[in-house]
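Chain by chain, the residues:
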Amino acid sequence: MIQPPKKLQERRTIVQHKYIIIYMILINLITFFTYGADKQKARKNKWRIPENTLILLALSGGSIGAYLAMQTFRHKTQKIKFKIGIPIIILLHAALLVRFILFYS
């Protein structure tokens, strides 16, 4: 099989990393503001965002945004699912990041 030139392979890797970084920033911002919106809704006794949606956002890459929102808005900090689950998801994401860096470097 013919391999593309090394410079082209490196360029593809850089572009892929760029998209991953953009995705991670966006999903963390979305997660942070979604947690904040849910806290506001809780204060006003309005329709709430389901907990499974909040967890799914964290699992989708927004774990840092979820954790920061929990601390900033004092939201979901007493629920075990969040109190323990979000730090576990952060550790999972950290392990995946290390694996990704080692695999692609």
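To be clear, the structure that these remarks concern was listed above.
This structure is a prediction, so every number in the text was calculated from the model and none was measured. All residue numbers here refer to positions counted from 1 along the written sequence of the relevant chain. This being a predicted model, a pLDDT of at least 70 is required before a residue's local features are given, and a value of 80 or more before pairs of side-chain atoms are given or counted; all residues contribute to the totals for chains, interfaces and linings. Side-chain measures were taken over the full set of non-hydrogen atoms in the model, leaving aside hydrogen atoms and water.

1. A few points about the overall build of the protein
- Elements are defined by DSSP. Helices are runs of H or I of four residues or more, strands are runs of E of two residues or more, and each kind is numbered from the N terminus. Counting its regular elements, the protein contains four helices and zero strands.
- The buried label applies to any residue whose accessible area, calculated with a 1.4 Å probe on protein chains only, is under 20% of its type's maximum; exposed applies above 50%, and partly exposed to all values in between. For the protein, buried positions account for 27% of its 105 residues.
- It only takes one pair of heavy atoms within 4.5 Å for two residues to be counted as in contact. Restricting the contact set of the protein to residue pairs at least 6 apart, pairs at least 24 apart contribute 67%.
- Using a 1.4 Å probe, the Shrake-Rupley method yields the accessible areas, and only the shown protein chains count as cover for residues. When the accessible surface of the protein is split by element, carbon and sulfur atoms take 68% of a total near 7800 Å².

2. So, the environment of Ile55
- Its location among the elements puts Ile55 in helix α2 (residues 51-73).
- Judged by relative accessible area, Ile55 falls into the buried class, the value being 15%.
- Not counting residues up to four positions away in its chain, the partners in contact with Ile55 are Tyr35, Lys81, Phe82 and Ile86.

3. Some words on the nonpolar core
- Among the nonpolar cores identified, the biggest contains twelve residues, and these are Phe32, Tyr35, Ile49, Leu54, Ile55, Ala58, Ala66, Ala69, Met70, Phe82, Ile86 and Ile89.
- Where this core is concerned, the elements lending two or more residues are α1 (6-43), α2 and α4 (85-104).
- For this core, the element with the most residues is α2, which contributes six residues. Nonpolar cores are built from buried Ala, Val, Leu, Ile, Met, Phe, Trp, Tyr and Cys residues. Side-chain atoms within 4.5 Å join them into one set.

4. Considerations on α4
- Helix span, as expected, comes to 1.5 Å for every residue beyond the first. Compared with an ideal rise of 1.5 Å per residue, which puts 20 residues at 28 Å, α4 spans 28 Å between its outermost C-alpha atoms and is within 8% of the ideal.
- Three or more residues of α4 are buried, namely Gly85, Ile86, Ile89 and His93. Seen along its axis, α4 keeps its buried residues to an arc of 90 degrees; they face one direction. Exposed residues pointing more than 90 degrees away from the buried face of α4 are listed as Leu91, Arg99 and Leu102. An arc is given here, and it is the one of the directions from the helix axis to the C-beta atoms.

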